[in-house]
Amino acid sequence: GSEPGYVEVVRVTFDKSLTEEELQEATKISMRSFLDAIDPTDDRGQEANRGPQYRPAIFFSTASQERAALDALEKESLRRGNRKLAVRLRRATTFWVAEEFHQDYYKKNGLDPNVETPYWMGAFLD
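Residues numbered from 1 in each chain as written. Predicted model: local features only at pLDDT ≥ 70, side-chain atom pairs only at ≥ 80, totals over all residues. Heavy atoms only, no water.

Peer 1: Talk me through the pattern of salt bridges; I want residue IDs and the actual numbers.
Peer 2: Tallied over the entire structure, the rule returns eight salt bridges. Note that Glu76 is salt-bridged to Arg80, the shortest N-O span being 2.6 Å. The class for Glu76 is buried, based on a relative accessible area of 0%. Relative accessible area serves as the criterion here: at 28%, Arg80 is assigned to the partly exposed category. The partner of Lys108 in a salt bridge is Glu100, and the shortest N-O contact between them spans 3.2 Å. (Salt bridge = Lys/Arg side-chain N within 4 Å of Asp/Glu carboxyl O. Buried < 20%, exposed > 50% of the residue type's maximum accessible area, 1.4 Å probe, protein only.)

Peer 1: Could you give me a rundown of the nonpolar core, with the residues and numbers involved?
Peer 2: Formed by Met31, Phe34, Leu35, Ile38, Ile58, Phe60, Ala69, Ala72, Leu73, Leu85, Val87 and Leu89, the largest nonpolar core amounts to 12 residues. Those elements that provide at least two residues to this core are helix H1 (20-37), strand E4 (57-60) and helix H2 (63-79). Ignoring sequence-local partners within four residues, the contact set of Leu85 consists of Pro40, Thr41, Leu73, Glu76, Ser77 and Arg80. (Core = buried A, V, L, I, M, F, W, Y, C linked by side-chain atoms within 4.5 Å. Helix = DSSP H or I, 4+ residues; strand = E, 2+ residues; numbered from the N terminus. Contact = heavy atoms within 4.5 Å.)

Peer 1: Go over the packing of H1 against H2, please, and point to the residues and values.
Peer 2: Between H1 and H2, the shortest axis-to-axis distance is 9 Å and the interhelical angle comes to 40°. Classified by the interaxial angle, the pair formed by H1 and H2 is oblique. Regarding H1 and H2, the two cross each other, and that crossing is right-handed. Mapping the contact onto sequence places Glu20, Gln24, Thr27, Met31, Arg32, Leu35 and Asp36 in H1 and Ser64, Gln65, Ala68, Ala69, Ala72, Leu73, Glu76 and Arg79 in H2. (Axes fitted to C-alpha atoms, helices over the stretch in contact; angles between N-to-C directions. Parallel < 35°, antiparallel > 145°, perpendicular 65-115°, else oblique. Left-handed = near helix turned anticlockwise from the far one by under 90°.)

Peer 1: How would you sum up unusual backbone geometry? Please name residues and give values.
Peer 2: Positive phi, close to 65°, is recorded for Asn82, a residue that is not glycine. The exposure class of Asn82 is exposed, given its relative accessible area of 56%.

Peer 1: Quick rundown of the pairing of E4? Include the residues and the values.
Peer 2: The alternating pattern of E4 places Ala57 and Phe59 on one face and Ile58 and Phe60 on the opposite face, and all of these are buried. Relative to strand E5 (residues 88-91), E4 runs parallel, the two being bridged by four bridges. Bridge pairing links Phe59 to Arg90 in E5. (Pairing = 2+ DSSP bridges.)

Rendered as C-alpha cells:
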C-alpha cells in the first residue's frame, strides 16, 4: 500500500512561563500519558485504526524533549520486559491542523475525555 505522508498526532503545547524544571516534569507526564494510552509495541496502528498514519510516534522540538522521550521509551521497554517498542522518535517539523471533522472529536461524539481513553497515535511536542 502507499504511504499517506503523515502521521496522526496530538499537539502538546507547553506553557512558555514554565521553568526548565517544570517543563521537564510536564514533558515526562505527557510521555507517560501517551505511552499509557497506546500499545507502543504495535507497529501497524492502534485499536481499529490501522495503517502507517496510525503508527505510534513522538515528534520532539527541543533536545530536552528528545531526552525525555528517549528516557520514557527506555523505561517503557524495561517495564515490558525489554520488549522492542514500535514508537518512532523524530524531530518535529511542520504541524498541520486536521480538518474540521476531527476537531473536538469528544464533544461531537458525546464522549467524556476524562473517562474514555484518548488514543493518541503520536505526540507532537511543541
